[in-house]
Amino acid sequence: MADQQLPVSEITDMDTLLKGLWKENPVFVQVLGMCPVLAVSNSVVNCLVMGLATTFVLIMSSIFVSSFRKLIPKQVRIATYILIIATFVTVADYVIPAISLEVHKSLGAFIALIVVNCVILGRAEAFSSRNTLGKSVLDAVGMGIGFTFAILCLGVVREVLGNGTFAGIPLFGPDFEPWVVMILPGGAFFVLGGWLLLFNWLRERGAQKEKAKAS
Amino acid sequence: MSSESIGFIFVNAALINNFVLSAFLGICPFIGVSKKIDTATRMGMAVTFVMFVSSVCAYGIHQVLLIINAPYLQLISYIVVIASAVQLVEMFIKKFSPALFRALGIFLPLITTNCAILGLALFQTNRQYDFLQSLVYALGAGVGFTLAIVIMAGIREELELAELPDIVKGTAIVMVIAGILSLSFMGFAGLGG
């Protein structure tokens, strides 16, 4: 439906893919899916697994939602989307412990909680249900990468400062005094607040520059 | 069966491991609906109520799944049953208590896909709480959520009067405040044995 409304020439495939990374980053710009971002970002490995699992669910659910978009009745669409998402989250929930039991333990219930990650339902409703299969997959990949990028931004800061390590490798030698607050829940809020500030500042500066150019 | 005492479960869910500030569940409404104390209180009430309903449902489903031996259906059946139960309860309230419906109203359907609700259901299953323990856990989690969101709304109402630089406005300052709140809630650690 949206295909007809928007001229295809205006939005290229590359734009669809890249907008998730920066212009419409799900975490920093749309402020969606905060719970997993805050909760599992205490180590780089956790972040990577969480990001990949979310990307997987995003891609698979967008494939199904956009393939069946003409068959799903409007009234029950949200329930259908949730069922599709829950199916793939269950798959992820069983695959991850098969690969690494340790990571699954440290992520705990948060793998299962991908079901209620608003990024995924949001993309299903706002994009996949209105666009062709190819475009939806591109959008899902872009959003997934954007989400992984955002969660890694937090994870790197928190692990390096809070533990003195990067993905388990010590960085600063034995004399480093870890900033315990970064590993604590409070640290997650502070780091995310800090990143949001930085991005707001960058965007503000960009807008001002454009204004100066225009005048 | 878990052997934790009822009192400990309540204090633990409400204060020590507060759902919002230390388990990071239900962050979306925490940011979205915390602008006014009045709405925040109602939101808290609605969440507590939905938690109660879903806790009962989750307990029931878990027993059924144990009998038919199908743990892989857990996630799907939780979310579907909780969503429909909330819908039913919403219709029921609308019919029998319009005043209560107006107070909780629009929040009820939104809450269903809130991670705090599903998180609660999963946690109570993982920890193998029995029926009474589950109910107390849900109540504690609801009270904890209400406490956090009301405190946040109070701070944000005061914040309206303060002069903030443009880039701090919005989510960024809320995050920093939440961080400070979270640190202060750490002070409850060790409470209740």
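A. Quick look at the overall build of chain B. Summing up its helical and strand segments, chain B has nine helices and zero strands in all. Starting at the N terminus and walking to the C terminus, you meet the elements of chain B as α-α-α-α-α-α-α-α-α. Taking 193 residues into account, the globule formula puts the C-alpha radius of gyration at 16 Å, and chain B, at 17 Å, falls close to it. The principal-axis extent of the C-alpha atoms belonging to chain B is close to 60 × 45 × 30 Å.

B. Just the layout of surface pockets, in detail. Considering only enclosed or pocket space, the second largest pocket measures out at about 480 Å³ in volume. Lining the second largest pocket are 20 residues, and of these Asp93 and Tyr94 of chain A together with Pro71, Gln74 and Asn126 of chain B sit closest to its centre. Within the residue set of the lining of the second largest pocket, elements represented by two or more residues are helix H5 (77-99) and helix H6 (101-107) of chain A together with helix H3 (37-68), helix H4 (74-96) and helix H7 (115-126) of chain B. Take the lining of the second largest pocket: its biggest share by element is four residues, from H5 of chain A. Its residues assigned to classes, the lining of the second largest pocket shows eleven nonpolar, seven polar and two charged.

C. The arrangement of the interface of chain B and chain A in detail. Contact with chain B, which involves 37 residues of that partner, is made by 33 residues of chain A. When chain B packs against chain A, close to 2900 Å² is buried across both sides, 86% of that on carbon and sulfur atoms. When the area that chain B buries against chain A is broken down by residue, the three leading residues are Phe24, Ile167 and Met175 of chain B, summing to 23%. The interface formed by chain B and chain A includes zero salt bridges. Inspection of the region where chain B meets chain A yields two residue pairs in polar contact (both at pLDDT 80 or more). Looking at side-chain class alone, the side of chain B that touches chain A contains 27 nonpolar, eight polar and two charged residues.

D. How the structure looks around the packing of helix H10 (residues 185-214) of chain A against helix H9 (residues 171-185) of chain B. It is the contact of H10 of chain A with H9 of chain B, at a shortest axis distance of 8 Å, that shows an interaxial angle of 165 degrees. Taken together, H10 of chain A and H9 of chain B sit at an angle that is classed as roughly antiparallel. Crossing handedness for the pair H10 of chain A and H9 of chain B: left-handed. For the pair formed by H10 of chain A and H9 of chain B, the contact residues are Pro185, Gly186, Phe189, Phe190, Leu192, Gly193, Leu196, Leu197 and Asn200 of chain A on the first element and Thr171, Ala172, Met175, Val176, Ala178, Gly179, Ile180, Ser182 and Leu183 of chain B on the second.

E. Summary view of the environment of valine 44 of chain A. All names here are of chain A. You can see valine 44 is positioned in helix H4 (residues 44-67). The sequence separation of valine 44 and valine 157 amounts to 113 residues, and the corresponding C-alpha distance is 9.1 Å. Not counting chain neighbours up to four residues away, the residues in contact with valine 44 comprise Leu152, Gly155, Val156, Glu159, Phe166 and Ala167.

F. Layout of the confidence of the model for chain A. Residue and element names in this part refer to chain A. Mean pLDDT for chain A: 85, with 95% of residues reaching 70 or above. Of all the helices and strands in chain A, helix H1 (residues 2-5) carries the lowest mean pLDDT, 43, while H4 carries the highest, 93. Note that pLDDT drops below 50 for residues 1-9; the model gives that stretch nine contacts with residues more than four away or on any other chain.

G. Structural view of the packing of H4 of chain A against helix H8 (residues 133-163) of chain A. Residue and element names in this part refer to chain A. Remark: H4 packs on H8, axes separated minimally by 8 Å, with the N-to-C direction vectors making an angle of 165 degrees. Accordingly, the angle class assigned to the pair H4 and H8 is roughly antiparallel. The chirality of how H4 crosses H8 is right-handed.

H. Fine view of the packing of aromatic side chains. Enumeration according to the criterion identifies 13 aromatic pairs over all chains in this entry. Measuring from centroid to centroid gives 6.4 Å for phenylalanine 19 of chain B and phenylalanine 123 of chain B, while their planes differ by 80 degrees, and the two rings are edge-to-face. Here phenylalanine 19 of chain B, found in the loop between helix H1 (6-16) and helix H2 (27-32), pairs with phenylalanine 123 of chain B, found in helix H7; they are 104 residues apart in sequence, far enough to count as distant. For the pair phenylalanine 19 of chain B and phenylalanine 123 of chain B, a shared accessibility class is recorded, and that class is buried. Following the ring pairs from residue to residue traces out a cluster consisting of Phe56, Phe64, Phe68 and Phe88 of chain A. Over the aromatic face of tryptophan 201 of chain A sits the side chain of arginine 205 of chain A, whose NZ or CZ is 4.9 Å from the ring centroid. A cation sits over an aromatic face here: arginine 127 of chain B above phenylalanine 123 of chain B, 5.5 Å from the ring centre.

I. Spatial organisation of the state of the cysteines. In total, this model carries zero disulfides over all chains according to the counting rule given. Cysteine 47 of chain A carries a free sulfur, and the closest cysteine sulfur to it, the one in cysteine 153 of chain A, is 9.7 Å from it.

Reading the values: the criteria
Residues numbered from 1 in each chain as written. Chains lettered and ligands numbered in written order. Predicted model: local features only at pLDDT ≥ 70, side-chain atom pairs only at ≥ 80, totals over all residues. Heavy atoms only, no water. Helix = DSSP H or I, 4+ residues; strand = E, 2+ residues; numbered from the N terminus. Rg over C-alpha atoms; globule rule 2.2 N^0.38 Å. 1 Å grid on protein atoms, 1.4 Å probe; cavity = no way out; pocket = protein on both sides within 12 Å on 5 of 7 lines; lining within 4 Å. Points joined across faces, edges and corners; volume = space filled by probe spheres on them. Nonpolar A, V, L, I, M, F, W, Y, C, P; charged D, E, K, R; others polar. Contact = heavy atoms within 4.5 Å. Buried area = accessible area lost by both parts, 1.4 Å probe. Salt bridge = Lys/Arg side-chain N within 4 Å of Asp/Glu carboxyl O. Polar contact = N/O pair within 3.5 Å; in protein donor to acceptor, adjacent residues only side chain to side chain. Axes fitted to C-alpha atoms, helices over the stretch in contact; angles between N-to-C directions. Parallel < 35°, antiparallel > 145°, perpendicular 65-115°, else oblique. Left-handed = near helix turned anticlockwise from the far one by under 90°. pLDDT = per-residue confidence, 0-100. Phe/Tyr/Trp six-rings, centres within 6.5 Å; stacked < 30°, edge-to-face > 60°. Buried < 20%, exposed > 50% of the residue type's maximum accessible area, 1.4 Å probe, protein only. Lys NZ or Arg CZ within 6 Å of the ring centre and 35° of its normal. Disulfide = S-S within 2.5 Å.

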